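The residues making up each chain are set out below.
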Amino acid sequence: MAGARPRGATREGKDVTLLFFTHPAGIGHDPGPGHPEAPVRLRTVLEAVEEAAIPGLERREAPEATLEQIRRVHPEPYPTRILEAVPASGYARLDADTVVCPASGEAALRAAGAACAAVDAVVAGEARAAFCAMRPPGHHAEPMQAMGFCLFNSIAVGAMQARRVHHLSRLAILDFDVHHGNGTQDIFWDDPDTLYVSTHQSPLYPGTGRATERGIKGNVLNCPLPPGTGGAAWRQVVERHVLPAIDAWRPDLLLVSAGFDAHAADPLANLMLVEDDFAWVTRELARIAGRHANGRIVSVLEGGYDPPALARSVVAHLRALAEEDH
């Protein structure tokens, strides 16, 4: 659906091009000493975004998702089991990598709720794009399984909000996290109206995401990349395969699993991207959204485990989302 890109207005009368959803609960979620998915990730991002003073950005509070919203992706008893696993004190380990503390339930609900609120806002025309700066990440969470630091699959919950509430039929999800989003792929594997596209390092956790994994309806596109892949080679893959696939899909809404752990400084992987690469792909996605989705993009924070590199990458992503000239 092409047309004029929507913009809202702040209380001061300034144009809003980008909404920024966050909440202190995202910092309260603490998997414990030494865990890479640490509160400092979000704290550093929020400090950098505040300092950047990005024109057109308006900050909003991330609400808690309702159980109805969560259950569209995660059937019972999974949501209840996850929330009941949250300890009153100390830590509880859900698997080898995924740990919860007393604040984790609220954080996970607000991470998914941010995605739903972002979808609601861009569909309503309050801004053309929105970014959800929350933790924990979500793209590894399968319908009935927490894994890879993830409890609820926020990008999938947001996508289902777009479908069930706003009746958007064709959705596209790009996941440029360095780890394959096995949960998101699993959730939409047999959904002919949702395109899932991923660039990721291989071999690497979680071991999924082979190029031969195409979905029941050919609605999955995986672009695995060898360790050491740099920005030039990654951009070539994106230009040849990723962007044409999304463009041909003609989505009503474009969603992004924005993991920044493909950065060269990240300690958990071995791709060699830099901030300019993330800004470049964001601009390219915005152009596609402008052609087909009235400019609408919802982006959700996933990985990124070197806090300074993560913060710089998020700011570059946000600046590109907020630009007027897509």
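Our structure is the block above this text.
So, here's what we can say about the structure. Just so you know, these numbers come straight off a predicted model, no measurement behind them. (Residues numbered from 1 in each chain as written. Predicted model: local features only at pLDDT ≥ 70, side-chain atom pairs only at ≥ 80, totals over all residues. Heavy atoms only, no water.)

## Notes on the sheet that holds strand β8 (residues 171-175)
To keep things clear, this is the line we draw: Between any two strands, pairing holds if DSSP finds at least two bridges. Working definition: helices are DSSP H or I runs of at least four residues, strands are E runs of at least two. Numbering for both runs from the N terminus. Angles shown run from 0 to 180 degrees and are taken between the N-to-C directions of axes, each axis being a line fitted to C-alpha atoms and, for helices, limited to the stretch in contact. It only takes one pair of heavy atoms within 4.5 Å for two residues to be counted as in contact.
Read across the sheet, eight strands follow the order β4-β3-β7-β12-β11-β8-β9-β10 without closing on themselves; strand pairing throughout is parallel. Lying at the two open borders of the sheet, with one neighbouring strand each, are β4 (57-61) and β10 (220-225). On average, each strand axis in the sheet is inclined to that of its neighbour by 15 degrees, with strand direction left out of account. Of the strand pairs in this sheet, β8 and strand β9 (residues 194-201) are connected by five bridges, and their pairing is parallel. From the neighbouring strand, A172 faces β9, where its bridge partner is L195. The strands that helix α2 (residues 39-52) touches are β3 (18-22), β4 and β12 (297-301); relative to β3, the one it contacts most, it runs at about 145 degrees. Sitting on the sheet, helix α8 (residues 231-249) touches β8, β9, β10 and β11 (253-258), and the angle it makes with β9 is about 175 degrees.

## What to know about helix α5 (residues 104-123)
Applied cut-off: Any helix carries an expected span of 1.5 Å times its number of residues minus one. For every residue, the accessible area obtained with a 1.4 Å probe (protein chains only) is divided by the maximum for its type, and the residue is called buried under 20%, exposed over 50%, and partly exposed between those limits.
The end-to-end C-alpha separation of α5 is 29 Å, in line with the 28 Å expected for 20 residues at 1.5 Å each. For α5, a buried count of 17 out of 20 residues is recorded, marking the element as mostly surrounded by other parts of the structure. A positive phi of about 80 degrees marks G125, the residue just after α5.

## Some details on the environment of G125
Of note, G125 is situated in the loop between α5 and β7 (129-132). Classification of G125 by relative accessible area gives buried; the value is 19%. Sequence separation between G125 and N294 is 169 residues; the distance between their C-alpha atoms is 9.2 Å.

## Here we look at unusual backbone geometry
The omega torsion of the bond from R135 to P136 falls at 0 degrees, within 30 degrees of zero and hence cis. For P136, the position within the fold is in the loop between β7 and α6 (154-164). Following Y205, the chain continues to P206 via a peptide bond in cis, the omega torsion being 5 degrees. With phi around 50 degrees, A53 is a residue other than glycine that occupies positive phi space. By secondary structure assignment, the location of A53 is in the loop between α2 and β4. With relative accessibility at 58%, the residue A53 sits in the exposed group.

## Some thoughts on the nonpolar core
Keep this limit in mind: For this analysis, a nonpolar core means a set of buried residues of the types Ala, Val, Leu, Ile, Met, Phe, Trp, Tyr and Cys, connected via side-chain atoms within 4.5 Å.
Counting residues in hydrophobic clusters, the biggest one holds 51 residues, and the most contacted among them are F176, I246, L285, I297, V314 and L318. Apart from the residues within four sequence positions on either side, L318 is in contact with L18, F20, V49, I54, L57 and F131. Core analysis: the next-biggest nonpolar cluster, separate from the first, contains 47 residues, V73, A117, A127 and F188 among them.

## Some details on the packing of aromatic side chains
What counts is decided by this rule: Planes of paired rings set the category: under 30 degrees apart is stacked, over 60 is edge-to-face and the rest tilted, where pairs are Phe, Tyr or Trp rings (Trp by its six-membered ring) whose centres lie within 6.5 Å. In this analysis the charged atom, NZ for Lys or CZ for Arg, is taken to sit over a ring once it is within 6 Å of the ring centre and within 35 degrees of the ring normal.
Inspection of every chain in the model, using the stated rule, returns seven aromatic pairs. When the centroid spacing of 5.7 Å and the interplanar angle of 80 degrees are considered together, the rings of F149 and Y305 count as edge-to-face. Residue F149 is found in the loop between β7 and α6, and its partner Y305 is found in the loop between β12 and α10 (307-322); the two are separated by 156 residues along the sequence. Each member of the pair F149 and Y305 is classed as buried. Taken together, a centroid distance of 5.7 Å and an interplanar angle of 65 degrees make the contact between F176 and F260 edge-to-face. Of the two residues, F176 sits in the loop between β8 and α7 (182-188) while F260 sits in the loop between β11 and α9 (275-292), which places them 84 residues apart along the sequence. Side by side, F176 and F260 carry an identical accessibility label, which is buried. Against the face of W249 rests R170, its NZ or CZ located 4.1 Å from the ring centre.

## Points about the pairing of β7
Burial along β7 is two-sided: A129 and F131 facing one way and A130 and C132 facing the other are all buried. Across four bridges, β3 lies against β7 in parallel orientation. Paired with F21 across the strands is C132, a residue of β7. Judged from the four bridges that link them, β7 and β12 form a sheet pairing that is parallel. Of the residues in β12, the one forming a bridge with A129 is I297.

## Quick notes on the packing of α5 against α6
Definition in use: Left-handed describes a crossing whose near helix is turned anticlockwise from the far helix through less than a right angle; right-handed describes the clockwise counterpart. When residues are sorted by character, Ala, Val, Leu, Ile, Met, Phe, Trp, Tyr, Cys and Pro go into the nonpolar class, Asp, Glu, Lys and Arg into the charged class, and all the rest, Gly among them, into the polar class.
Orientation of α5 relative to α6, taken along the N-to-C sense of each, is 35 degrees, at an axis distance of 8 Å. Like other packed secondary-structure pairs, α5 and α6 cross with a definite hand, here right-handed. Of α6, the residues touching α5 (which contributes A111, A112, A115, C116, V119 and D120) are S154, V157, G158, Q161 and A162. In the contact of α5 with α6, the residues fall into seven nonpolar, three polar and one charged.

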